[in-house]
Amino acid sequence: GEFAHQTLAVGSLLFFYGVHVVGVRWFGRIQVAMCLLLGLAICVLVIPGLFAIHAANYSPFITHGANGFALSLAPIFFSYAGFESLAQTAGETKDSTRRLPMVFLKGISATALIFILMSAVAFGVLPGARLGASSAPMTEVAAVYLPWGAAAFVTLGAIMAITTSLNPTLIVPSRLALIFVEDRLAPRWLGFVNRRTATPIRALTLTLAACLLLVISRQLSLALNIAVFALVLLYFLHSLTFLLLPRRNPKLFREITIGMPNWLQRGAAWLSVLSMGVLIAVQVAQDARTLTTQSLSERIAKHSLTSLELALAWSLIGAVLYGFARVVRNRER
């Protein structure tokens, strides 16, 4: 039931919080172990599944037409979320301008290939309608052509897919807090790092509290909605800033030493601006329809507040915090 699901979610959060508090090395060890299990489960699912595909299940290839395809782009894009966090390690990575671009390229390419193979097997083995109605689609797919033990291992892999995301989700906001403290945009106490464990326990505790609040209040879907919209908007702004940088701040632009041709950098930035702009337009259009067809009370009752409303609320909170930080910084001068 719902209580059991919430208990499991809270227990998982507390477990990984404990792992981080114990020490940053344990975070890495457990993450590597879970990734290995996940990789093995994907191989068990995909390799035999390629021989169990029925081509008829791919028809129609786009079930809900162009509109359905456009609406699916945002959640699919969110599946790739997390790679941008690698950029936060640039200051701590040796020869980061040479190594990190290759990590990005290889990592995203490998991830895209895995997603395509898993999707090809899943939709080729079972019809899309059945997959959409299933609470554990990959387990159901595996049960078609694998013995019970192997199918159970695929289920374990699905759990690892969640936990490998949950584990770094706790540390990334805490790592951002350290950056804010360095830039004097957050109180100094928030940037405290325990010398023995090498983890920012205070920031971790605040992140845990926020996660628990979302889970217990059953508002996790709202958090995911604003996360997708904010991530798309962030990519759009980053790419647009890069394109404007040569004219707006030539000195800063000349400091870019990444080993990539300038035409490729600008081409990638333009592609990002256009694709992210399309996703933003799709989301705004969908939110506009929701705002015109549902009242505020209905949206609150259904936990379906739009991304535009959530973005406005969080922007106001962020503006207040930023203004407070500037006041404190000016007083320190």
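Residues numbered from 1 in each chain as written. Predicted model: local features only at pLDDT ≥ 70, side-chain atom pairs only at ≥ 80, totals over all residues. Heavy atoms only, no water.

J.: Now, about the pattern of salt bridges: what can you tell me, with residues and values included?
T.: Applying the stated criterion across every chain, the model contains two salt bridges. R299 is the salt-bridge partner of E309, the closest N and O atoms lying 2.7 Å from each other. Of this pair, E309 sits in helix α13 (residues 307-332) while R299 sits in helix α12 (residues 296-301), and the two are ten residues apart along the sequence. Given a relative accessible area of 21%, E309 falls into the partly exposed group. (Salt bridge = Lys/Arg side-chain N within 4 Å of Asp/Glu carboxyl O. Helix = DSSP H or I, 4+ residues; strand = E, 2+ residues; numbered from the N terminus. Buried < 20%, exposed > 50% of the residue type's maximum accessible area, 1.4 Å probe, protein only.)

J.: Could you give an account of the nonpolar core, naming the residues involved and the relevant values?
T.: Core analysis: the biggest nonpolar cluster contains 33 residues, and L13, L45, V125, V141 and Y145 have the highest contact counts within it. Of all the elements in the fold, those that place two or more residues in this core are α1 (2-22), α2 (24-49), α4 (96-125), α6 (137-145), α7 (148-182) and α8 (201-216). Ranked by the residues each element gives to this core, the list is headed by α2, at seven residues. Aside from chain neighbours lying at most four places away, what touches L13 is L166, L170, L208, C211, L212 and V215. (Core = buried A, V, L, I, M, F, W, Y, C linked by side-chain atoms within 4.5 Å. Contact = heavy atoms within 4.5 Å.)

J.: Give a detailed account of the confidence of the model for the protein chain, specifying residues and quantitative values.
T.: Chain-level pLDDT for the protein chain is 83 on average; 96% of the residues reach the 70-or-more range. Predicted confidence in the protein chain is weakest over helix α3 (residues 65-78), with a mean pLDDT of 78, and strongest over helix α11 (residues 262-293), with 89. (pLDDT = per-residue confidence, 0-100.)

J.: So what about the side chain of S307? Which residues, and what values?
T.: Its location among the elements puts S307 in helix α13. Those residues in contact with S307, other than ones at most four positions away along the chain, are N225, I226, F229, Q283 and D287.

J.: An account of the packing of helix α9 (residues 220-248) against α11 is requested, with residue identities and associated values reported.
T.: Following both chains from N to C, one finds α9 and α11 inclined at 145°, their axes separated by 8 Å at the closest point. Helix-helix and strand crossings are classified by hand; for α9 and α11 the assignment is left-handed. Residues F229, V232, L233, Y235, F236, S239, L240, F242, L243 and P246 of α9 form the contact with α11, whose participating residues are Q265, R266, A269, W270, S272, V273, M276, G277, L279, I280, Q283 and V284. Partitioning the contact of α9 with α11 into residue classes produces 16 nonpolar, five polar and one charged. (Axes fitted to C-alpha atoms, helices over the stretch in contact; angles between N-to-C directions. Left-handed = near helix turned anticlockwise from the far one by under 90°. Nonpolar A, V, L, I, M, F, W, Y, C, P; charged D, E, K, R; others polar.)

J.: With reference to specific residues and values, describe the environment of L212.
T.: Residue placement: L212 occurs in helix α8. Judged by relative accessible area, L212 falls into the buried class, the value being 19%. A sequence separation of 145 residues divides L212 from N67, and the C-alpha atoms of the two residues are 35 Å apart. Setting aside anything within four residues of it in sequence, one finds L212 in contact with V10 and L13.

J.: I'd like a description of α1, backed by residues and values.
T.: Spanning 21 residues, α1 covers 30 Å between terminal C-alpha atoms, matching the ideal 30 Å at 1.5 Å per step. Where α1 is buried, its residues touch α2, α7 and α8. (Expected span 1.5 Å × (residues − 1).)

J.: So, the packing of aromatic side chains: which residues are in play, and what are the values?
T.: Geometry of an aromatic ring pair is reported as the spacing of the ring centres plus the angle between the planes. For the coordinates displayed, the defined rule picks out two aromatic pairs. Considering the side-chain rings of F15 and F16, the 5.1 Å spacing of their centres and the 75° angle between planes classify their relative orientation as edge-to-face. Overall, F16 belongs to the buried group, its relative accessible area being 4%. When the centroid spacing of 6.3 Å and the interplanar angle of 55° are considered together, the rings of F242 and F253 count as tilted. With a gap of eleven residues between them, F242 in helix α9 and F253 in helix α10 (residues 250-254) connect regions that are remote in the sequence. The exposure class of F242 is buried, given its relative accessible area of 17%. In this structure, R29 is placed above the aromatic ring of W26, and the distance from its NZ or CZ to the ring centre is 5.0 Å. Its guanidinium or amino end placed over the ring of F192, R202 lies 4.4 Å from that ring's centre, counting from NZ or CZ. (Phe/Tyr/Trp six-rings, centres within 6.5 Å; stacked < 30°, edge-to-face > 60°. Lys NZ or Arg CZ within 6 Å of the ring centre and 35° of its normal.)

J.: Quick rundown of the packing of α3 against α9? Include the residues and the values.
T.: Where α3 contacts α9, the two axes come as close as 10 Å, and the packing angle between them is 85°. In terms of orientation, α3 lies roughly perpendicular with respect to α9. Across the interface between the two elements, A74, F77 and F78 of α3 pack against L224, A227, V228, L231, V232 and Y235 of α9. Taken together, the residues of the contact of α3 with α9 break down into nine nonpolar, no polar and no charged. (Parallel < 35°, antiparallel > 145°, perpendicular 65-115°, else oblique.)

J.: Now, about α2: what can you tell me, with residues and values included?
T.: The end-to-end C-alpha distance of α2 is 37 Å, a good match for the 38 Å that 26 residues give at a rise of 1.5 Å each. Considered for burial, the residues of α2 that qualify are F27, I30, Q31, M34, L38, A41, I42, L45, V46 and G49. In this structure, the buried side of α2 is in contact with α1, α4, α6 and α7.

J.: How would you summarise the environment of S239 if you had to cite specific residues and measurements?
T.: With respect to the helices and strands, the residue S239 is situated in helix α9. Under the relative-accessibility criterion, S239 is labelled buried at 10%. With 29 residues separating them along the chain, S239 and A268 place their C-alpha atoms 8.4 Å apart. Apart from the residues lying within four places of it in its own chain, the contact partners of S239 are A269, S272 and V273.

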